[in-house]
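Per-entry structural report
Take a look at the letters that make up each chain.
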Amino acid sequence: MDWGRAKSVLIFAFLLLNLVLGYQLWSNIREGLRTSANVSDLSPETQSLMEEKKIKLGTSIPSETPELRDLTYKVKVGLGKGERHELKTPVDSKVVFVDKDLQASLGGIIPELDEYTLGPRLENEFILYRMAEGRPMFDVKLELFYSNQKITAYRQDLIELLVSEKAQAQTVLSATKVVTSLIENQLKNGAVIQEIKLGYHGQIFNSDTQVSAPTWRVLLEDGGQYYMNAISGEVVTE
């Protein structure tokens, strides 16, 4: 056997393998970095309509299109109807921006605090949303009331997620399609899109059991908001 030739073949094979693995790694990194789209990803017709209606995009457009299913949950403390709890000792409001600080300050006071994620900041309160399947449930909130840079009270929606074998996962509509539809059919002249987020939302019925569907929420700079069912494309304004 020609060991010198065999050695050269093995070295070449290892180099080729490294090139393949390196290309795959680069491709994965490139795809991972592309987490959003922008105005240029919209069709020329939609871009022209944006200019005509003077609609502006003040955020990136998410590019994710995961498979999601409806959620079923039981309400333990009425949505938006819970009791306001005053804190015996007010807490610095800056803790809401660091998870470990928030847990250290209020984790022993507010039930299931680690299940909520920070949402919008309003004039006198922070809004946190209950998380499910790694995404916010826009109807299930934790309100942290603050004054003079101190959190002084809270009000909380509490739920229990239920297992539903009937719900089937489906690929959601792309955010680009959602934005295009809103620009063409819903948004008024001069609208500024401030946030586009995928989560869960549903019509609230007078029942202990509720259903929340995969939903794209679009927030406008003027406070307006649109919820589009990420499966059916039905739009609800609030």
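So, how was this worked out
Residues numbered from 1 in each chain as written. Predicted model: local features only at pLDDT ≥ 70, side-chain atom pairs only at ≥ 80, totals over all residues. Heavy atoms only, no water. Helix = DSSP H or I, 4+ residues; strand = E, 2+ residues; numbered from the N terminus. Buried < 20%, exposed > 50% of the residue type's maximum accessible area, 1.4 Å probe, protein only. Contact = heavy atoms within 4.5 Å. Areas by Shrake-Rupley, 256 points an atom, 1.4 Å probe, with all protein chains shown as cover. Core = buried A, V, L, I, M, F, W, Y, C linked by side-chain atoms within 4.5 Å. Domains from an automatic or database assignment. Arc of directions from axis to C-beta. Patch = residues over 30% accessible without salt bridge, like charges linked within 9 Å, V, L, I, M, F, W, Y side chains within 5 Å. Salt bridge = Lys/Arg side-chain N within 4 Å of Asp/Glu carboxyl O. Pairing = 2+ DSSP bridges. Axes fitted to C-alpha atoms, helices over the stretch in contact; angles between N-to-C directions. Parallel < 35°, antiparallel > 145°, perpendicular 65-115°, else oblique. Left-handed = near helix turned anticlockwise from the far one by under 90°. Nonpolar A, V, L, I, M, F, W, Y, C, P; charged D, E, K, R; others polar.

By the naming in an unreviewed UniProt entry, the protein chain goes by Regulatory protein YycH-like domain-containing protein and is assigned to Paenibacillus albus.

Looking only at helices and strands, one finds four helices and 16 strands in the protein chain. Out of the 238 residues in the protein chain, the part that is buried amounts to 36%. Here the contacts in the protein chain between residues at least 6 apart in sequence split such that 62% fall between residues at least 24 apart. When the accessible surface of the protein chain is totalled, it reaches about 14800 Å², and 50% of it is carbon and sulfur.

Another aspect to go through is unusual backbone geometry. Positive phi, close to 55°, is recorded for Glu133, a residue that is not glycine. Using a relative accessible area of 63% as the deciding quantity, one classes Glu133 as exposed. For Asn148, which is not a glycine, the phi torsion comes out positive at approximately 55°.

If you look at the biggest cluster of nonpolar residues, it comprises 32 residues, and the most contacted ones within it are Met137, Leu187, Ile193, Ile196, Trp216 and Val218. Of all the secondary-structure elements, those providing two or more residues to this core are β5 (71-77), β9 (135-147), α4 (175-185), β13 (192-201), β14 (209-220) and β15 (225-229). Broken down by element, this core gets its largest block of residues, five residues, from α4. Counting the residues that make up this core, at least three belong to each of domain 2 (41-69 + 164-229) and domain 3 (77-157). Residue contacts for Val218: discarding those within four places in its chain leaves Val178, Leu182, Ile193, Glu195, Ile196, Gly224, Gln225 and Tyr226. Of all hydrophobic cores here, the second largest spans 17 residues; its members include Leu128, Leu142, Ile151 and Tyr154.

As a further point, take helix α2 (residues 44-53). When we look at burial in α2, the residues that qualify are Thr46, Met50 and Lys53. Down the axis of α2, the buried set is contained in an arc of 80°. They therefore lie on one face. Opposite the buried face of α2, at more than 90 degrees from it, the exposed residues are Pro44, Glu45, Glu51 and Glu52. Downstream of α2 by a residue or two, Lys54 has a phi angle that is positive, lying close to 55°.

So, about a nonpolar patch on the surface. There is a patch of nonpolar side chains on the surface, built from Phe97, Val98 and Leu118 and spanning about 240 Å² of accessible area. For Val98, the location among the structural elements is in the loop between β6 (85-92) and α3 (99-106). For Val98, a relative accessible area of 32% corresponds to the partly exposed category.

Moving on, we get to the environment of Gly78. With respect to the helices, strands and loops of the structure, Gly78 is situated in the loop between β5 and β6. Separated by 78 residues in sequence, Gly78 and Gln156 place their C-alpha atoms 8.8 Å apart.

Turning to the pairing of strand β7 (residues 116-121), a few remarks are in order. In the sheet, β7 pairs with strand β8 (residues 125-132) via four bridges, with the strands oriented antiparallel. Across the sheet, Thr117 pairs through a bridge with Tyr129, a residue of β8. Connecting the antiparallel pair β7 and β8 is a turn made up of three residues.

Relative orientation of the contacting elements α2 and α4 amounts to 45°, with a least axis distance of 10 Å. Taken as axis vectors, α2 and α4 run oblique relative to one another. For the crossing formed where α2 meets α4, the hand is left-handed. Across the interface between the two elements, Thr46, Leu49, Met50 and Lys53 of α2 pack against Thr180, Ile183 and Glu184 of α4. Here the contact of α2 with α4 is composed, by residue class, of three nonpolar, two polar and two charged.

Within β9, eleven of the 13 residues are buried, which leaves it mostly tucked inside the rest of the structure. Strand direction decides the pairing type here: β8 and β9, joined by eight bridges, are antiparallel. Paired with Met131 across the two strands is Pro136, which belongs to β9. Between β8 and the antiparallel strand that follows it, β9, lie two residues; Glu133 among them carries a positive phi value of about 55°. Sheet topology note: the β9/strand β10 (residues 150-156) ladder contains six bridges and is antiparallel. Counterpart to Leu142 in the pairing with β10 is Gln156. Hairpin connection from β9 to β10: two residues lie between these consecutive antiparallel strands, with Asn148 at a positive phi of about 55°.

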